[in-house]
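Okay, here's what each chain looks like letter by letter:
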Amino acid sequence: MRKRILGIAAVIAASAVVLTGCGGGGDDPAADVDFGAEPTGTLKAWGFENADDVGQSRLDYAEEQLGDLEIELDATAFDAQKFTTRIASGDVPDVVQMDRRYVTTYAAQGLIMPLDQCFADQDVSPRDHWYPFVVDDVTYDDQIWAVPQFYQPPAIMVNKKVLDEAGVTADQIDTSKPEVLLEAIGKMYQESGGVPTRLGFDPQATGQSGLWILGMGGQLNDEDGAPTLDDPSNIAGIEMLKQITDAQGGFAKVKSFTDSFDTFGDNNQYVAEQVGAQVNAQWYPNVLSPYMDQIELEAVPFRGADGEPFSVASGTSFVVPVGAENPAAACAWMINLTSDEAWMAAGEARAATREADGGVNTGLFTGSPAADKAIRDEWVVESGNAGFDQVISAYYDVVDYGQSFGSSPAGQEIQNELNNAITAALLGDKTPEEALADAQQAAMRAYENITAG
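Presented here is a report on the structure given in the accompanying data block. (Residues numbered from 1 in each chain as written. Predicted model: local features only at pLDDT ≥ 70, side-chain atom pairs only at ≥ 80, totals over all residues. Heavy atoms only, no water.)

**What to know about the overall build of the protein chain**
Within the protein chain one finds 19 helices and 14 strands. Relative to its length of 453 residues, the protein chain is compact, with a C-alpha radius of gyration of 23 Å against a globular reference of 22 Å. Counting over 453 residues, the protein chain shows a buried share of 56%. Long-range contacts, defined as pairs at least 24 residues apart, comprise 80% of the intrachain contacts of the protein chain with a sequence gap of at least 6. By element, 45% of the accessible surface of the protein chain is carried by carbon and sulfur atoms, the whole surface being about 18100 Å². Considering the protein chain, the positive charge centre built from 25 side chains and the negative charge centre built from 71 side chains are found 8 Å apart. (Helix = DSSP H or I, 4+ residues; strand = E, 2+ residues; numbered from the N terminus. Rg over C-alpha atoms; globule rule 2.2 N^0.38 Å. Buried < 20%, exposed > 50% of the residue type's maximum accessible area, 1.4 Å probe, protein only. Contact = heavy atoms within 4.5 Å. Areas by Shrake-Rupley, 256 points an atom, 1.4 Å probe, with all protein chains shown as cover. Lys, Arg positive; Asp, Glu negative; His and termini not counted. Charge placed at Lys NZ, Arg CZ, Asp CG, Glu CD.)

Right, here's the structure in full:
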């Protein structure tokens, strides 16, 4: 993964040389675009791989609203290297779906258009329609560069059977109280011959690294987007993760054990009672719903250093590349795809899917507060399992405490280097200070390369 992301950064930097005339601090690439023009002709969209019931219902809704528009959908997955190559060669789609962590990178390079005028022409107020922290993900240089979708926050799912057996209560799974948490972990943790057989708490140290660093008071980049991985405030999160993993045999053993989990299968870590608690994103209760008669669940929020609930998540988004032939149609289509009406169509489709498969409807976390509430009110009903219903409710509560990772041209490299730093520090190969200093140097090199134009 490190080699792949470094390769992406190199391609982006190389593309800057080819595309210096496109932007990167120059004129607004959308200055002459009429986003309010009638959406007609052909729209070319890319990055829509494996649309499920939620995605397909929204695509169908947008197509119905834009009857004069012919939509050519490339259902292959987004690829960062392919994107920069396509832009450089002139093979430019009108809309591309990508992870929000890429958006600021391409904004800084002048490869995508700012969309403030698109929102104005479509009479959309971004910070009213979406959660402000979702908009923050795609804001750079005082402009908004993408139409965002989804915000699926993490929380802590506890395994009541394991807690009860160890005499631990859910309120002891409190990340703002290390001593209390470590005592609870010690009561639940089990091993055989020095090898973990049950974790008291799986913190998802690298999978949720941003949650731990930001939640414990750190920051990943400054207001201009420059990396701040060596900020002293980032040490607290790593030190807490080290305490948690050291209490359970050390990071190497914890990682080896969690890699063996049947996460999506019948013998998953909750059914097998291999965890007492685990940080999980909002979508994971969907995986566990077929097993709710075999397990007893509860959810508690991740709490920051100040004791308050805290959450941070990313999601995907739609962008309009520089050179797009039909930006007006792109604007109208993206807004329709993320409208409250489109999300209600998605909510109806998901409800039909759940009725057909007998599963539990855990709701949709759209990135838009109005859509989230409407879908919950209409289709999220009691499952008959009080514990599972509490889990669903807890995730809805957590989204109100959401934060942004921060918007940086080096967002992907910051994330990659943070994971490298955490791994080195938890293994004991480096001190947290040394690991973060090395990560900062690498992330800053990527930042300087990307912004050099």
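**With respect to the sheet that holds strand β11 (residues 297-300)**
Taken together, the three strands give an open sheet; going across it, the order is β10-β7-β11, and neighbouring strands pair in antiparallel fashion. A strand with exactly one partner marks an edge of an open sheet, and here the two such strands are β10 (277-281) and β11. With strand direction ignored, the average angle separating the axes of adjacent strands in the sheet is 35°. Sheet analysis places strand β7 (residues 154-159) next to β10, joined by five bridges and oriented antiparallel. (Pairing = 2+ DSSP bridges. Axes fitted to C-alpha atoms, helices over the stretch in contact; angles between N-to-C directions.)

**Details of the pairing of strand β3 (residues 95-99)**
Among the five residues of β3, four are classified as buried, and the element is accordingly described as predominantly covered. Relative to strand β13 (residues 316-319), β3 is paired through four bridges, and the arrangement is antiparallel. By the bridge assignment, Q97 is partnered in β13 with F318.

**Quick notes on the packing of aromatic side chains**
Counted by the stated rule, this structure contains 18 aromatic pairs. When the centroid spacing of 5.2 Å and the interplanar angle of 10° are considered together, the rings of Y131 and F133 count as stacked. An aromatic cluster of at least three residues, connected via ring pairs, comprises W46, F78, F83, Y102 and Y106. Of note, R86 hangs over the ring of W46, and the distance from its end group to the ring centre comes to 4.9 Å. When the ring centre of F405 is taken as origin, the NZ or CZ atom of R101, which lies over that ring, is 4.6 Å away. (Phe/Tyr/Trp six-rings, centres within 6.5 Å; stacked < 30°, edge-to-face > 60°. Lys NZ or Arg CZ within 6 Å of the ring centre and 35° of its normal.)

**Focus on the pattern of salt bridges**
Evaluated as defined, the whole model comprises 15 salt bridges. The salt bridge partner of R198 is E165, with a shortest N-O separation of 3.2 Å. Within this pair, whereas R198 is found in strand β9 (residues 195-198), its partner E165 is found in helix α8 (residues 160-166), the two being separated by 33 residues in sequence. We classify E165 as exposed; its relative accessible area is 53%. E273 is paired through a salt bridge with R198; the nearest N and O atoms lie 3.4 Å apart. Residue E273 is located in the loop between α12 (251-259) and β10, and its partner R198 is located in strand β9; the two are separated by 75 residues in the primary sequence. Residue classification places E273 among the partly exposed residues on the basis of a relative accessible area of 23%. Looking at R198, the relative accessible area reads 7%, which means it is buried. One salt-bridge network, in which partners are shared between bridges, spans D52, D53 and R350. (Salt bridge = Lys/Arg side-chain N within 4 Å of Asp/Glu carboxyl O.)

In short, the description is geometric, and any link to function would need to be established separately.
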